[in-house]
Protein chains: 2
Amino acid sequence: MTEIDEERADALFHALSDRTRRDIMRRVLAGEHSVSALAAKYDMSFAAVQKHVAVLERAGLLVKRRSGREQLASGDVTAVRSVASMLTELEQIWRGRIARIDELLASDPAPHHQED
Amino acid sequence: MTEIDEERADALFHALSDRTRRDIMRRVLAGEHSVSALAAKYDMSFAAVQKHVAVLERAGLLVKRRSGREQLASGDVTAVRSVASMLTELEQIWRGRIARIDELLASDPAPHHQED
DNA sequence: CTAACGTACAACCAATTGGTTGTACGTGTC
DNA sequence: GACACGTACAACCAATTGGTTGTACGTTAG
């Protein structure tokens, strides 16, 4: 369970850690693009772009749909949101820390050497 | 400018793409921990954990503060938020796509061969 | 049918990653 | 001052990454 989640998180963050892949995500979130239409946008081989698309697809950040001989890629916004929610989890942990500090300060204004 | 931003994004997503580093982030967002206190939590060498902390520090996700002979690491929530805002940017692009589709449907209910 | 297009994938390569051990150095403790 | 502790970093290693070229295969156009 958590193991699967962590694996998914690994894949999602890793997929987004490359600028070409983030750029592809911007395009496919804006609308459907065939793999070769995407490949035409970058100064690298078709195969390289196809591999980037495959990484994004494996991470679940985009889905492909066949249309004739083209494969149309479309960004999945729910996957993007799932990454955002992982960050929210981190934010919540931090909030907990701040809340604890606040409680401490409220119950005892100067527990130790802290005059600021 | 955008080049720097992309480099920063690379570093942030890459830093978060490892489960040990995400776990370290949870701990240091909850409170300060020395590098050796962190290292004690994982089944790997001190040097390995120290390198993970260095990756997070380089990405700006945590800061270190010297206290005696210990180096206390603390998570930086603003860096976490900056990652979240990158995802919000992606979400906005997607919203634009949906808005465009909605407009199209509103102005012309059946522009071409689309009967559903 | 044949040719061109769009895609997938294997094989290969240099660079990077995540791990190891070992060494060095500053900081407290005794 | 001597010693243990906490940290940093170099050197090394296997595995992965991001790129390449080449090949194969299904699909559409002539």
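The text that follows walks through the structure, step by step, so that each part is easy to find. (Residues numbered from 1 in each chain as written. Chains lettered and ligands numbered in written order. Predicted model: local features only at pLDDT ≥ 70, side-chain atom pairs only at ≥ 80, totals over all residues.)

## Here we look at the overall build of chain A
In terms of regular secondary structure, chain A is built from five helices and three strands. In sequence order, chain A lays out its α and β elements as α-α-β-α-α-β-β-α. Taking 116 residues into account, the globule formula puts the C-alpha radius of gyration at 13 Å, and chain A, at 21 Å, lies well above it. Along the longest, intermediate and shortest principal axes, the C-alpha atoms of chain A span 70 × 30 × 25 Å. By sequence separation, contacts in chain A at least 24 residues apart represent 51% of the contacts at least 6 residues apart. (Helix = DSSP H or I, 4+ residues; strand = E, 2+ residues; numbered from the N terminus. Rg over C-alpha atoms; globule rule 2.2 N^0.38 Å. Contact = placed C-beta atoms within 7 Å.)

## Topic: the protein's contact with DNA strand D
Inspection of the region around DNA strand D gives 22 residues, with S45(A), A47(A), A48(A), G68(A) and S36(B) positioned closest. Every element with two or more residues in the surface near DNA strand D is listed here: α4 (46–58) of chain A together with α3 (35–40), α4 (46–58) and β3 (70–75) of chain B. Broken down by element, the residue count for the surface near DNA strand D peaks at five residues, all from α4(A). Classifying every residue of the surface near DNA strand D by side-chain character gives seven nonpolar, nine polar and six charged. (Near = placed C-beta within 6 Å. Nonpolar A, V, L, I, M, F, W, Y, C, P; charged D, E, K, R; others polar.)

## Thoughts on the packing of helix α2 (residues 19–30) of chain A against helix α5 (residues 77–107) of chain B
Running from amino to carboxyl end, α2(A) crosses α5(B) at an angle of 25°, the nearest separation of the two axes being 7 Å. Taken as axis vectors, α2(A) and α5(B) run roughly parallel relative to one another. In this structure, α2(A) uses M25(A), R26(A), L29(A) and A30(A) to contact α5(B), whose residues at the interface are L90(B), I93(B), W94(B), G96(B) and R97(B). Per-class residue counts for the contact of α2(A) with α5(B) are six nonpolar, one polar and two charged. (Axes fitted to C-alpha atoms, helices over the stretch in contact; angles between N-to-C directions. Parallel < 35°, antiparallel > 145°, perpendicular 65-115°, else oblique.)

Note that every value here comes from positions in space, so none of it alone points to a role or purpose.
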